[in-house]
Amino acid sequence: MAAQVEHLASNMEQEISRPLAYFPPTVWGCDFASLPLFNSEIESYIKKVEVLKEKVKDMLMSSKKDLIKNIEFINLLCRLGISYHFENEIEEQLNHIFNVVRDDINDDHDLYNVTLLFRVLRQHGYKISCNVFKKFKDSDGKFNKAISNDVKGILSLYEASFVSMRGEDILDEAIAFARPLLESLAMQSSPHLAKHINDALSMPFHRGLPRVEARKFIHFYEEEESHNETLLKFAKLDYNRVQLLHKQELGVVSRWWKELDLAKGLPYVRDRIAEGFFQSAGVQFEPNFALSRILLTKCIQILALVDDTYDSYGTLQELQCFTDALERGNSDQLPADYLKILYKAVLDFFEELGDDEGNEGRSYCINYTKQRYKEVVRSYLVEAQWFYDGHLRPFNEYMHNALISSCFSLLPPVVFLGVEKLAGVKEFKWLETNPKLVEASKFFGRLLNDMVARKDEEKEGHCLAGNCYMKEYGVSKEKAMEELRKMCDNAWKDMNEESMRPTAVPMPLITSIVNLARMMEVVFQYDDGYTIASSLKDHVTLMFVEPIPED
C-alpha cells in the first residue's frame, strides 16, 4: 500500500502544473540567525535602568499631591513605554483617582484635563462616564466652537474618542468635530507639533502598538522644551535595553527558521521571520514574556506555511488529504512529498507546545490549543473548496468560516501557553466560551485583513468579505468598504467595553488580546504588511535594529 501511495505521489508531482504564487523576497540583507548574545550590554543597561527607575518612582509618588499632575505623569509613563515598571503603583493611584472623579469631574477642569482623565482611566479599565464631555457642548447640542483653537485640548479630545463603547454617540461626534480641526491646526503648527498631530491622525495612540507608539513619542518628547531629562533618559535606556532582549529572541527564532530549511521543499512560502517576530513583540513586548513571543512567532510562521499551501499551491484533493492526515495524526496517506514536509513542520510545532501528560491542567491547555490549530486548517479547506467552486458565499456564511480562518481563536491560547503563571485551566475555559472580547477581535482582524487583501487574491477569485457583502446587498465596492469600516469601529467599541474592570481573566491577558487587534491595525495600515514586507521595514528596523541615540 505504501509503495502504491509513493508511486501515486511521484506521478502527481510530474503531472500537476501549479500556479506558483509570487511573494516578494525577504527585504533583509542581514542574517538575523547570526545575531550574537548581548549579555554584557544588557547587564550594563540593567544597572543604569535600575538606578533611574528609583528616581522615576519617586517622581511618580510625588505627583500624587495633585490629581492632574498625577494623571499627566502616569500618561507620560504610558506614552514613553515605561509604565510596566510601575504597574502596582499606577493601579493604586488610578483606583484613587477613579473614586474621586467617577461621579463628577470638577467644573474647573478644562478640555485637556477632562479628556486626559477620561482616556487614561478607560485605557486602564476604569469605566468613567462619557457624560463628562457634555460641559463642552453648546445649547444646540454641538461641541462649542470656543474650544476650537485649543490645540492641546482638541488633540486630547480626539485621542480620548477612541476608547468609546457602543451607544456613546457623543464620542462619535467628538471624532467628527476634532478631526477636521486637527487637520487644519496641523498646517498652522510648527513642524514638531504638526508631525505629532499627523501621527495621531494616522494612528491614534489607543489603536497603535505600544512599542511603536513609544518610539514615536520618545522622539516627540525629546523636542519638547519642558521635558524632564531624567524621565527621557530612563525611557531611552529602557527602550534600548528591551531592544537588545528582543534582538536575542529574534536570533533564536531566526536560527529555528533557518534550521527548518523549508525553502527547498516548499519553494512557494513567504520568508517573513522578522515580520512574524515583530507581530509577536507587538502583542507582548515586556521582558518577562519572552517564551510567549517565541511560541507565537513560531505559530505565525507555521500558520503562514499552511495558509500559503491552501491559498496558492495545493490542489483540492491534496488539501483534503492533508486536512484528513492532521485530523488522524497520520501522514502515511499523503500523496505528495511537499505535504509530508509541511505535516512534519506542523507536528514538530505541536511537540514544542509540550506534552505535560503528568500535569492534567497543562495537558488540557495544550490539547485545547492543538484543537484550535486543526480548526483553522479545516477552515482553510473550506475556503479552498469555495475558491475551486467559484461562487461567492452569502456574507454571514462567509464570516462564520472566516472568523475561524482569521486565526484569532488560535493566537490567544498560544500566547496564554507562554505565560503559565497568568494562564491556567480557568483562563483556557474562559477562551472556550468564545468571550465577546475574542469574538470582537476575530471580527476586526478578519475584516481588516480582507479590506486590504492582496490584489492577486481578489483577482484570482478568493472569497473576501467586501465581495460577499457587495453581492448579497447589491451595493458598490465603496459602499461595502464603508459598511465594513463601521463594523470594524463597532468591534473596537466592543473590545473597549470588554476591557473594563472587573475582568474575567488577569488584565495582561486582556491586553494581549486587544494588542492582537492593534497589531492588525499596524500590519495592515496601508497594505498586507506581512506579505508586502517592505511596508513594515521601518517599524522592524526601529524596533529591533536601530537603538535610540542616548546623547
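- As annotated in an unreviewed UniProt entry, the protein carries the name Terpene synthase and is attributed to Hevea brasiliensis.
- Heading Sequence similarities (unreviewed entry) of the UniProt record for the protein holds this comment: "Belongs to the terpene synthase family."
- UniProt's Cofactor (unreviewed entry) comment on the protein is quoted here verbatim: "Mg(2+)".

**Observations concerning helix α2 (residues 39-62)**
Part 1 of the argument: Its 24 residues give α2 an end-to-end C-alpha distance of 34 Å, which sits within 8% of 34 Å, the value for a rise of 1.5 Å per residue.
Part 2 of the argument: Along α2, the positions that sit buried rather than exposed are I42, Y45, V49, L52, V56 and L60.
Part 3 of the argument: Turning to α2, the residues buried within the fold contact α3 (67-79), α4 (87-101) and α10 (229-260).

**Some words on the pattern of salt bridges**
Part 1 of the argument: If you walk through the whole model with that rule in mind, you get 31 salt bridges.
Part 2 of the argument: Between R393 and E397 there is a salt bridge, with its nearest N and O atoms 3.7 Å apart.
Part 3 of the argument: For E397, a relative accessible area of 38% gives the class partly exposed.
Part 4 of the argument: One connected set of salt bridges, linked through shared partners, spans K479, E482, E483 and K486.

**Description of the nonpolar core**
Part 1 of the argument: Among the nonpolar cores identified, the biggest contains 180 residues, and F278, F322 and Y373 are the most heavily contacted of them.
Part 2 of the argument: For this core, the element with the most residues is α10, which contributes 12 residues.
Part 3 of the argument: Two domains each donate at least three residues to this core, and these are domain 1 (33-234) and domain 2 (261-545).

**Looking at the domain arrangement of the protein**
Part 1 of the argument: When cut into domains, the protein gives domain 1 (33-234) and domain 2 (261-545).
Part 2 of the argument: Just the C-alpha atoms count here: the centres of domain 1 and domain 2 sit 31 Å apart.
Part 3 of the argument: Tallying the contact residues gives 24 residues for domain 1 and 26 residues for domain 2.
Part 4 of the argument: For the pair domain 1 and domain 2, the summed buried surface comes to about 2,500 Å²; carbon and sulfur atoms form 58% of the total.
Part 5 of the argument: On the surface where domain 1 and domain 2 come into contact, there are six salt bridges.
Part 6 of the argument: Note that D494 is salt-bridged to R166, the shortest N-O span being 2.9 Å.
Part 7 of the argument: At the boundary of domain 1 and domain 2, one finds 12 residue pairs in polar contact (both at pLDDT 80 or more).
Part 8 of the argument: Here the side of domain 1 that touches domain 2 takes four residues from helix α9 (residues 210-222), the largest share from any one element.
Part 9 of the argument: Of the residues that constitute the side of domain 1 that touches domain 2, the class distribution is nine nonpolar, seven polar and eight charged.

**Here's the deal with the side chain of S148**
Part 1 of the argument: Tracing the sequence through the fold places S148 in the loop between α5 (111-123) and α6 (151-160).
Part 2 of the argument: Of note is the side chain of S148, whose polar atom sits 2.9 Å from the backbone oxygen of K145.

**Some words on helix α18 (residues 425-432)**
Part 1 of the argument: By the burial criterion, the buried members of α18 are E427, F428, W430 and L431. Down the axis, α18 shows its buried residues gathered within 150° of arc, on one side only.
Part 2 of the argument: N434 occupies a position one or two residues after α18 and carries a positive phi of about 50°.

**Section: the confidence of the model for the protein**
Part 1 of the argument: Residues at a pLDDT of 70 or more form 91% of the protein, whose mean pLDDT is 91.
Part 2 of the argument: Within the protein, no element has a lower average pLDDT than helix α1 (residues 2-15), which sits at 46, and none a higher one than α6, at 98.
Part 3 of the argument: Low pLDDT (under 50) marks residues 1-14, which in the prediction has 14 contacts with non-local residues, meaning those over four places away or in another chain.

**Observations regarding the packing of aromatic side chains**
Part 1 of the argument: Using the criterion set out here, one finds 26 aromatic pairs in the structure.
Part 2 of the argument: Plain terms: the ring middles of Y310 and F322 are 6.3 Å apart, the flat faces sit at 75° to each other, and that makes the pair edge-to-face. Residue Y310 is found in helix α12 (residues 290-312), and its partner F322 is found in helix α13 (residues 316-328); the two are separated by 12 residues along the sequence.
Part 3 of the argument: Overall, F322 belongs to the buried group, its relative accessible area being 0%.
Part 4 of the argument: Among the aromatic residues, ring-to-ring pairing joins Y310, F322, Y343 and Y380 into one connected group.
Part 5 of the argument: A cation over a ring is seen here: K152 above Y112, with NZ or CZ 4.3 Å from the ring centre.

**Let's talk about the state of the cysteines**
Part 1 of the argument: Counted under the stated rule, the structure contains zero disulfides.
Part 2 of the argument: Its sulfur unpaired, C299 is 7.4 Å from the next cysteine sulfur, which belongs to C407.
Part 3 of the argument: Classification of C299 as buried rests on a relative accessible area of 0%.

**Some remarks on unusual backbone geometry**
Part 1 of the argument: A cis amide bond links R501 with the next residue in sequence, P502, at an omega value of -5°.
Part 2 of the argument: One can find P502 in the loop between α22 (477-498) and α23 (507-523).
Part 3 of the argument: Its identity as a non-glycine residue notwithstanding, D261 has a phi of 50°, on the positive side.
Part 4 of the argument: By the element assignment, D261 lies in the loop between α10 and α11 (273-283).
Part 5 of the argument: We classify D261 as partly exposed; its relative accessible area is 41%.

**Some words on the packing of α22 against α23**
Part 1 of the argument: Where α22 contacts α23, the two axes come as close as 10 Å, and the packing angle between them is 160°. It follows that α22 is roughly antiparallel to α23 by the angle criterion. By crossing handedness, the relation of α22 to α23 is classed as left-handed. Taken together, the residues of α23 that come into contact with α22 (itself represented by W492, M495 and E498) are I510, V514, A517, R518 and E521.
Part 2 of the argument: Across the contact of α22 with α23, the residue classes break down as five nonpolar, no polar and three charged.

**Here we look at the packing of α11 against α12**
Part 1 of the argument: Contact geometry of α11 with α12 gives a least axis separation of 8 Å together with a crossing angle of 135°. Classed by the angle they form, the pair α11 and α12 counts as oblique. Seen from above, α11 lies across α12 with right-handed handedness. Two secondary-structure elements touch here, α11 through I273, G276, F277, Q279, S280, A281 and V283 and α12 through R293, L296, T297, I300 and Q301.
Part 2 of the argument: A per-class count over the contact of α11 with α12 returns six nonpolar, five polar and one charged.

What counts as what
- Residues numbered from 1 in each chain as written.
- Predicted model: local features only at pLDDT ≥ 70, side-chain atom pairs only at ≥ 80, totals over all residues.
- Heavy atoms only, no water.
- UniProt positions renumbered as here; feature names shortened; annotations may be inferred.
- Helix = DSSP H or I, 4+ residues; strand = E, 2+ residues; numbered from the N terminus.
- Expected span 1.5 Å × (residues − 1).
- Buried < 20%, exposed > 50% of the residue type's maximum accessible area, 1.4 Å probe, protein only.
- Contact = heavy atoms within 4.5 Å.
- Salt bridge = Lys/Arg side-chain N within 4 Å of Asp/Glu carboxyl O.
- Core = buried A, V, L, I, M, F, W, Y, C linked by side-chain atoms within 4.5 Å.
- Domains from an automatic or database assignment.
- Buried area = accessible area lost by both parts, 1.4 Å probe.
- Polar contact = N/O pair within 3.5 Å; in protein donor to acceptor, adjacent residues only side chain to side chain.
- Nonpolar A, V, L, I, M, F, W, Y, C, P; charged D, E, K, R; others polar.
- Arc of directions from axis to C-beta.
- pLDDT = per-residue confidence, 0-100.
- Phe/Tyr/Trp six-rings, centres within 6.5 Å; stacked < 30°, edge-to-face > 60°.
- Lys NZ or Arg CZ within 6 Å of the ring centre and 35° of its normal.
- Disulfide = S-S within 2.5 Å.
- Axes fitted to C-alpha atoms, helices over the stretch in contact; angles between N-to-C directions.
- Parallel < 35°, antiparallel > 145°, perpendicular 65-115°, else oblique.
- Left-handed = near helix turned anticlockwise from the far one by under 90°.

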